[in-house]
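Chain by chain, the residues run as shown.
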Amino acid sequence: MLIPRVIPCLDVANGRVVKGVKFQGLRESGDPVELAAAYAAQDADELVVLDVAATPEARGNHLEVVRAVRQVLPLPLTVGGGVRTAADAEALLEAGADKVAVNTAAVRRPELLTELATRFGCQCTVLALDAARRNGGWEVVIRSGRHRTGDDAVAWAAHAAEIGAGEILLTSWDRDGTGIGYDLELIAAIRAAVAVPIIASGGASGPEHMVAALGAGADAVLAATIFHDGHTTVPDLKARLAALGAEVRL
Amino acid sequence: MKSDVVIVRTGTANLASVVAALGRAGRRVRITSDPEDVAGARRLVLPGVGSFGPVTARIDELGLRAPLADRVREGRPTLAICLGLQMLAAASEEDAGVAGLGILPSVATRFPESVRVPQLGWNRVEADPSCRLLRNGCAYFANSFRLEEIPEGWTGATSDHGGRFVAAVERGAVLACQFHPELSGGWGQSLIERWLEAQPC
């Protein structure tokens, strides 16, 4: 049986880790390599590194950061941000990523998912899906939350899994950075639509939120703020998850 | 400078993760797709990311089928990872009709619909007590296909994902893992270090 994953996320802009509330008001909180080494020492289950500056400013991928993180990390590494082509993904894989996440480019050109799955395998191909509530459902938002597409998020997840996405990194735009908990209805709706693993993201500030997300159908729980603040470590959090009855890798 | 370990490049794979893990173990690494290097390497890693058909075709194109098969049959120090393990099998449901290296008399099959596919994440590994290299622990997997039984003449470890499946097999100084030891934290790193010390029987 697969053990639920606890995943710290580094949002990186210009080589520094930042964190934002609803993707805005970014402020600096550290060096990505130092933080990656800290999470490696804490034995996190995986690390996600997102270049949050890449899409808005049409910047190339932060290959140097990925190379340096790889050196210190004996754990799975998922990298995203600004990936537009299979060549972009290949460069990240060569630099040290194990999985590549695509968001805006896949919405604009869904065949990108198929191209990545064909060349690198679906286990390498992660759909980063940012979803915002609208009229009792959710719509897909892109360009780091700055553009609402009007597309139905559940339908997009189902289609993406069919054409190549091997995992969905599911972020609630409404909950991101709020600390009030994941959007559980969103997780359940996507779970009902796809068989691939789901990483829940956006809104966690404690182990209760994570247990609820796993109960709603997530396979992994991602958080940034609670770890970077230094208020909690991965082993502390896992001990509290275990006390709440969740299975964790200790 | 003489390289301790040779890594076979069969296309794009997460080679950097393997190189980093070997570097942490203090080993120098060379990446190659030359048949003579593959035949002559003291220690060889066959990483695998991609799909069964195209990677098999690439191995044939590069002339690597015989040197790879020979060293595995002879039990010379070889570490196969993920798709690398499945390449040792006779065939795979992933690309029917394509012949693998055929060292393991097995066919890789897809996980059942009842579980998440691909299997992405950490799973418990139970090693047979007769294993020289493998131990119980948790390993990181990223696969949609798997071998169902440990073949005769090999010992190994199993995990559960919709039923028992082969997590790894070993024989002599050959270790073939369905999981990624290079991504399996301290447990995976020590497995790699034991393999680096392993001598043929």
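These numbers come from a predicted model, not from an experiment. All residue numbers refer to positions counted from 1 along the written sequence of the respective chain. Written order determines the labels here, with chains lettered from A and ligands numbered from 1. Totals for whole chains, interfaces and linings use every residue, but because this is a predicted model, local features are given only for residues with pLDDT of at least 70 and side-chain atom pairs only at 80 or more, for both listing and counting.

As a further point, take the overall build of chain A. In DSSP terms, a helix is any run of H or I states spanning at least four residues, a strand is any run of E spanning at least two, and both are numbered starting from the N terminus. In terms of regular secondary structure, chain A is built from 10 helices and 13 strands. Note that the radius of gyration is over C-alpha atoms, with the globule rule given as 2.2 Å times the number of residues to the power 0.38. Relative to the globule expectation of 18 Å for 250 residues, the C-alpha radius of gyration of chain A, 16 Å, shows essentially globular dimensions. Projected onto its principal axes, the C-alpha positions of chain A cover 45 × 40 × 40 Å. Across the 250 residues of chain A, 56% fall into the buried class. Pairs at least 24 apart in sequence give 64% of the contacts found in chain A among residues at least 6 apart. Our exposure labels follow a C-beta count within 10 Å of each residue's own C-beta, placed from the backbone: buried means 20 or more other C-beta atoms, exposed means 12 or fewer, and partly exposed covers the counts in between. Throughout, a residue-residue contact means that the two C-beta atoms, derived from backbone geometry, are no farther apart than 7 Å.

Secondary structure assignment for chain B yields 6 helices and 12 strands. In terms of overall dimensions, chain B is globule-like: its C-alpha atoms have a radius of gyration of 15 Å, near the 17 Å expected for 201 residues. Here the C-alpha coordinates of chain B stretch approximately 50 × 35 × 30 Å along the principal axes. For chain B, the proportion of its 201 residues judged to be buried stands at 54%. Sequence separation of at least 24 residues holds for 64% of the intrachain contacts in chain B that already meet a minimum separation of 6.

Let us look at the interface of chain A and chain B. Across the contact, 31 residues belong to chain A and 30 residues belong to chain B. Of all the elements in the fold, those that place two or more residues in the side of chain A that touches chain B are β1 (2-3), α2 (63-72), α3 (86-95) and α5 (111-120) of chain A. Gly falls in the polar group here, along with every residue not listed as nonpolar (Ala, Val, Leu, Ile, Met, Phe, Trp, Tyr, Cys, Pro) or charged (Asp, Glu, Lys, Arg). Class assignment for the residues of the side of chain A that touches chain B results in 15 nonpolar, 5 polar and 11 charged. By the convention used here, strands pair only if DSSP detects at least 2 bridges between them. Here β1 of chain A runs beside strand β7 (residues 119-127) of chain B; their pairing, made up of 2 bridges, is antiparallel. In the sheet register, Leu2 of chain A faces β7 of chain B, and the bridge partner there is Asn123 of chain B.

This brings us to the environment of Cys124 of chain A. With respect to the helices, strands and loops of the structure, Cys124 of chain A is situated in the loop between α5 and β8 (125-134). For Cys124 of chain A and Thr78 of chain A, which are 46 residues apart along the polypeptide, the C-alpha to C-alpha distance reads 8.7 Å. If near-sequence neighbours (up to four positions away) are discounted, Cys124 of chain A is found in contact with Lys99, Val100 and Leu116 of chain A together with Val49 of chain B.

Let us now look at the sheet that holds strand β9 (residues 145-146) of chain B. Residue and element names in this part refer to chain B. Ordered by their spatial adjacency, 3 strands build an open sheet running β5-β6-β9, and the pairing between neighbours is mixed. Since the sheet does not close on itself, it has two edges, and those belong to β5 (89-92) and β9, each with one partner. Relative to β9, strand β6 (residues 104-110) runs antiparallel, the two sharing 2 bridges. Counterpart to Thr109 in the pairing with β9 is Arg146.

This next bit is on the confidence of the model for chain B. As a per-residue quantity, pLDDT reports the predictor's confidence and falls between 0 and 100. Mean pLDDT for chain B: 94, with 97% of residues reaching 70 or above. Scored by ipTM, the complex comes to 0.93, with pTM at 0.94.

Our focus in this paragraph is the packing of helix α8 (residues 207-216) of chain A against helix α10 (residues 234-243) of chain A. Residues and elements named next belong to chain A. Axis separation between α8 and α10 bottoms out at 9 Å; the angle between their running directions is 60°. Comparing their axes, α10 and α8 come out oblique. The interaxial crossing formed by α8 with α10 has right-handed handedness. On α10, the residues touching Pro207, Met210 and Val211 of α8 are Leu237, Arg240 and Leu241. Across the contact of α8 with α10, the residue classes tally to 5 nonpolar, no polar and 1 charged. An axis is simply a line fitted to the C-alpha atoms; with a helix, the fit covers only the stretch in contact. Between two such axes, the angle follows the N-to-C directions and lies from 0 to 180 degrees. We call two directions roughly parallel when the angle between them is under 35 degrees, roughly antiparallel when it is over 145, roughly perpendicular when it lies between 65 and 115, and oblique otherwise. Take the far helix as the reference: if the near one is turned anticlockwise from it by less than a right angle, the crossing is left-handed, and if turned clockwise, right-handed.

A few words on unusual backbone geometry. Here the residue pair Val117 of chain B and Pro118 of chain B is connected by a cis peptide bond, since its omega of 0° sits within 30 degrees of zero. Note that Pro118 of chain B resides in the loop between β6 and β7. Here Asn14 of chain A, not a glycine, exhibits a phi torsion of approximately 55°, which is positive. Mapping Asn14 of chain A onto the fold places it in the loop between β2 (5-13) and β3 (16-21). Note on Asn14 of chain A: 14 C-beta atoms within 10 Å, which makes it partly exposed.

Okay, the nonpolar core next. A set of buried Ala, Val, Leu, Ile, Met, Phe, Trp, Tyr and Cys residues, joined to one another through C-beta atoms within 7 Å, is what we call a nonpolar core. Core analysis: the biggest nonpolar cluster contains 154 residues, and Leu47, Val49, Val100, Leu129, Ile168, Leu170 and Val221 of chain A have the highest contact counts within it. For this core, the element with the highest residue contribution is helix α1 (residues 15-24) of chain B, accounting for 7 residues. Aside from chain neighbours lying at most four places away, what touches Leu129 of chain A is Val140, Ala153, Trp156, Ala157, Ile168, Leu169 and Leu170 of chain A.

Turning next to the packing of helix α1 (residues 32-41) of chain A against α2 of chain A. Residues and elements named next belong to chain A. One way to put it is that α1 packs onto α2 with a least axis distance of 9 Å and a crossing angle of 25°. One finds that α1 runs roughly parallel with respect to α2. Here α1 and α2 pass one another in a crossing that is right-handed. Residues Pro32, Val33, Ala36, Ala37 and Ala40 of α1 lie in contact with α2, whose contacting residues are Val65, Ala68, Val69 and Val72. Broken down by class, the residue content of the contact of α1 with α2 amounts to 9 nonpolar, no polar and no charged.

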